Every structure is written in C-alpha cells, then in structure tokens.
2 protein chains.
Amino acid sequence: MGAPREGILSEEPLYDPKILERLDFSKARTKFSTPVSAARPGEGLRVRPLRRADYRRGFLQLLSQLTSVGDVSEEQFLKRFDAMQACPNTYYVTVIEDTTNGQVIGASTLVIEQKFIHGCNVRGRAERPASESRGESRSGTEQRHWPRTVAGGAAGAAPTQPQPRGW
Amino acid sequence: MGAPREGILSEEPLYDPKILERLDFSKARTKFSTPVSAARPGEGLRVRPLRRADYRRGFLQLLSQLTSVGDVSEEQFLKRFDAMQACPNTYYVTVIEDTTNGQVIGASTLVIEQKFIHGCNVRGRAERPASESRGESRSGTEQRHWPRTVAGGAAGAAPTQPQPRGW
C-alpha cells in the first residue's frame, strides 16, 4: 500500500510554503485590478504547494483538461510525489484550492534545473498553468488564471521559456 | 573549503556507472562502422559518469566551446556536483576521457524530469553534446562525436526534443 494515505503526511506540502509568502506580485508581468498576493489570492481561494491529499481533490482531473493523464492510481501518485520531494529545490507544484469545497481548481509547476554553465546557474521552466474551466464551482466569481510568475518566482529563478538544448 | 578536492570522493561518479554498461548501442539511431559500446568506445577513450576531479581535467573548458561558462571556481563546481548528486535519478552527465592524457574530450547531459501526467511518466532532455574540437590531443585518430543516445538511454528514458511547456 506504500505511503500513508491518511494522517499528517497526507497534508505535508511538496515544498516549503514560506517560499510562496516571499513572492512579490507587484513584479509580475500580469497586472491585477485588485492587488493580490499568495496569502490573499482572492475570496474563497487558497494558494499553496501540492499535497499528497490533493489526489482526492481533483488535481489530476484538472491536469487532464490540458493533456493526457492516464489512469494514475493513488499509489502511483504518492510514489511520484515522494520522488519529487526527494529532489531538493527542484519541483515546485503549486495549486489553487477552492476553500468552499476543498477542490483544486488551479495548478502550475516550476521545475528547477541545475547547471554548470553561466557560473553554475539554474534554469527554471514553468509548465502551462491549469485552471478549472467549467466554472460551476466558482459561479458568480470571476475566473482567475494564476500567473505563471507565481510559480516562476517561487524558487528565486526567473521563469524562462523552454530553450533548445542549452548546457 | 567545502567538499574534499582530493581523496576517494574526487573520483566518485555522479551516477551509477552500471547504467552505461546496460546501454545497447545497436539501438542507437547513429550507425557505427565499427561496433562500439560504453565499455569499448574506441582506443584511448573511456566513457564514464562525470567525477568531481573532472574540474581539473578540462570539463568546463569543454563546455565553454558551446556556451558561456563564466568564472566557475572549484568550490562552486563541487557544490553544484553535490547538488546534482542529491537529486536521485535526475542528472546524468556523461564524459569521454582521453586515456592518453586523462583529459575530458567529450560530454553530454541527460536530465530526467518526473511528471504526474501520462501515467506518472518521466521526460528526458538531452543537452547538446560537447566534444573536443581542437583535435591536437587526438591527432591521427578520427574525432568521435558521442551520440546523444548514449546519455539518452542511460536512465531508461527515451531522449526527447525539448517540448513547449507540457505537463
């Protein structure tokens, strides 16, 4: 049965949530009519790192709106979560939770790659953000698309477009 | 001064060398007039994972033929080596050593990225291989360009071209 499905581990964040708190949204390319921050993303919303329990909160269903997810069992999901967590400073999967029903309605991933070149620099690659497109759960509320800069700034790396093979 | 510069750690491989032994070159797209393998790459050549001591064997000078490396101190290099090693099953930096003088004359990197999508699959991205272009050290010997498949097959992942942001 592998990793525990309940208990304290199920709500353990994939990465340190304090990283999100340090984000300065005023530096984001996207401008907001109402100021937002990771701590104040909007009413009824919570921005936080992915947790194991998000398997049961619609995380994979959300991703499946963007691409093929396949039939991923909870055990597979937990194993992959653990593998990502075992890589220090690498995987920053961030979700938006609808606090009214606990469902994951937005997600973005930043992957940090370590390099020897450019003075032992790092490269950040942000995956395309996924967000709830049905809208039923957010009726009467403007759909928020989380800016890629949220995850991009998380690890202190400038988010970059994918580059063709660069050392 | 941080990590040891001499001693047993300096020759410790970045990843398990047995992975290279398992590579089947007959499956490589590149065809070789003389059969090669990781164990028999050619006379005077050795294929192996990166080691800490390669800082003093021209590894970064080799990369600088492809792109900007900058002024990387040995301490920075060792720190980055350690950081890569701390990420399980992720960084596969492979070099070709000229056994006549111990210099690194070829290098390729495969980076494995773990994903939730496609049945919790992994994606491998191979960097552009670097190889000695001066030729002085290999005079009289045909210059060998190590196929990207060498690194690509190392971790059991099909090497792929960089893809635009895909979960």
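Cut-off values and rules
- Residues numbered from 1 in each chain as written.
- Chains lettered and ligands numbered in written order.
- Predicted model: local features only at pLDDT ≥ 70, side-chain atom pairs only at ≥ 80, totals over all residues.
- Heavy atoms only, no water.
- UniProt positions renumbered as here; feature names shortened; annotations may be inferred.
- Helix = DSSP H or I, 4+ residues; strand = E, 2+ residues; numbered from the N terminus.
- Buried < 20%, exposed > 50% of the residue type's maximum accessible area, 1.4 Å probe, protein only.
- Contact = heavy atoms within 4.5 Å.
- Areas by Shrake-Rupley, 256 points an atom, 1.4 Å probe, with all protein chains shown as cover.
- Buried area = accessible area lost by both parts, 1.4 Å probe.
- Salt bridge = Lys/Arg side-chain N within 4 Å of Asp/Glu carboxyl O.
- Polar contact = N/O pair within 3.5 Å; in protein donor to acceptor, adjacent residues only side chain to side chain.
- Least-squares fit on C-alpha atoms with pLDDT ≥ 70 in both.
- Pairing = 2+ DSSP bridges.
- Expected span 1.5 Å × (residues − 1).
- Arc of directions from axis to C-beta.

Chain A is annotated in an unreviewed UniProt entry as Glucosamine 6-phosphate N-acetyltransferase of Frankliniella occidentalis. Here is the UniProt Pathway (unreviewed entry) comment for chain A, exactly as written: "Nucleotide-sugar biosynthesis; UDP-N-acetyl-alpha-D-glucosamine biosynthesis; N-acetyl-alpha-D-glucosamine 1-phosphate from alpha-D-glucosamine 6-phosphate (route I): step 1/2."

**Student:** Just checking my understanding: could you explain the overall build of chain A for this structure?
**Tutor:** Secondary structure assignment for chain A yields 5 helices and 6 strands. By the burial criterion, 48% of the 167 residues in chain A qualify as buried. A separation threshold of at least 6 residues defines the contact pool for chain A, and within that pool the share at least 24 residues apart is 66%. Accessible surface, chain A as shown: approximately 8,400 Å² in total, 48% of it carbon and sulfur.

**Student:** What should I look at first to understand the interface of chain B and chain A in this one?
**Tutor:** Often, the extent of an interface is quoted as the loss of accessible area upon association of its parts. Taken residue by residue, the interface counts 51 residues in chain B and 51 residues in chain A. Together, the buried faces of chain B and chain A total about 4,000 Å²; carbon and sulfur atoms form 59% of this surface. In this structure, the connection of chain B to chain A is made through 4 salt bridges. Across the salt bridge formed by B:Lys115 and A:Glu127, the nearest N and O atoms sit 3.1 Å from each other. Run the count over chain B and chain A and you get 20 residue pairs in polar contact (both at pLDDT 80 or more). Of all elements in the fold, only helix H2 (59–63), helix H3 (74–85), strand E2 (91–98), strand E3 (103–114), helix H4 (117–120) and strand E4 (122–126) of chain B reach the threshold of two or more residues within the side of chain B that touches chain A.

**Student:** Can you help me understand the relation of the copies chain B and chain A in this one?
**Tutor:** Both copies of the chain are placed relative to one another by a rotation about an axis and a shift along it. Overlaying chain B on chain A yields an RMSD of 0.0 Å, the required transformation being a rotation through 180° with an accompanying axial translation of 0.0 Å. Put plainly, the chains are arranged around a two-fold axis. Across chain B, the rotation axis passes nearest the C-alpha of B:Cys87, at a separation of 2.2 Å. When the interface residues of chain B are mapped onto chain A, 100% of them again lie at the interface, so the same face is used by both copies.

**Student:** What should I look at first to understand the environment of A:Asp82 in this one?
**Tutor:** Along the chain, A:Asp82 turns up in helix H3 (residues 74–85). C-alpha separation for the pair A:Asp82 and A:Arg52, spaced 30 residues apart in sequence, amounts to 8.9 Å.

**Student:** What should I look at first to understand the environment of A:Glu113 in this one?
**Tutor:** Residues and elements named next belong to chain A. With respect to the helices, strands and loops of the structure, Glu113 is situated in strand E3 (residues 103–114). With a relative accessible area of 5%, Glu113 lands in the buried category. Each C-alpha atom of the pair Glu113 and Asp54 lies 25 Å from the other, and the pair is 59 residues apart in sequence.

**Student:** Explain the pattern of salt bridges here, please?
**Tutor:** For side chains bearing opposite charge, pairing can occur when the charged atoms are close. Residue and element names in this part refer to chain A. Summed over all chains, the structure comprises 26 salt bridges over all chains. The residue Arg48 makes a salt bridge to Asp54 at a minimum N-O spacing of 2.7 Å. Per residue, the accessibility class of Arg48 equals that of Asp54, and both read buried. Each member of the salt-bridge network shares a partner with another, and the members are Glu11, Arg46, Arg48, Arg51, Asp54, Arg57 and Glu97.

**Student:** Explain the pairing of E2(B) to me, please; I cannot follow it from the model alone.
**Tutor:** Each regular strand displays side chains that alternate between the two surfaces of the sheet. Residue and element names in this part refer to chain B. Of all 8 residues in E2, 8 are buried, a share of seventy percent or more. The pairing of strand E1 (residues 45–49) with E2 spans 5 bridges and is classified as antiparallel. Within E2, the residue paired with Leu45 across the bridge is Asp98. Looking at chain direction, E2 and E3 are connected through 8 bridges and run antiparallel. Pairing of Thr94 across the sheet is with Ser108, part of E3.

**Student:** I tried to follow H3(B) on my own but got confused; where do I start?
**Tutor:** Note: α-helices contain 3.6 residues per turn, so residues at a spacing of three or four share the same orientation. With 12 residues, H3(B) should reach 16 Å at 1.5 Å per residue; the first-to-last C-alpha distance of 16 Å fits that figure. Among the residues of H3(B), those classed as buried are B:Glu74, B:Phe77, B:Leu78, B:Arg80, B:Phe81 and B:Met84. All buried residues of H3(B) fall inside an arc of 165° around its axis, so they share one side. Buried-residue contacts for H3(B) involve E3, helix H4 (117–120) and strand E4 (122–126) of chain A together with H2 and E2 of chain B.

**Student:** Explanation requested: unusual backbone geometry in the structure shown.
**Tutor:** What is expected of a backbone is that most residues other than glycine have negative phi and most peptide bonds are trans. All names here are of chain A. Unlike most non-glycine residues, His118 shows phi in positive territory, near 50°. Note that His118 resides in helix H4. The class for His118 is partly exposed, based on a relative accessible area of 41%.

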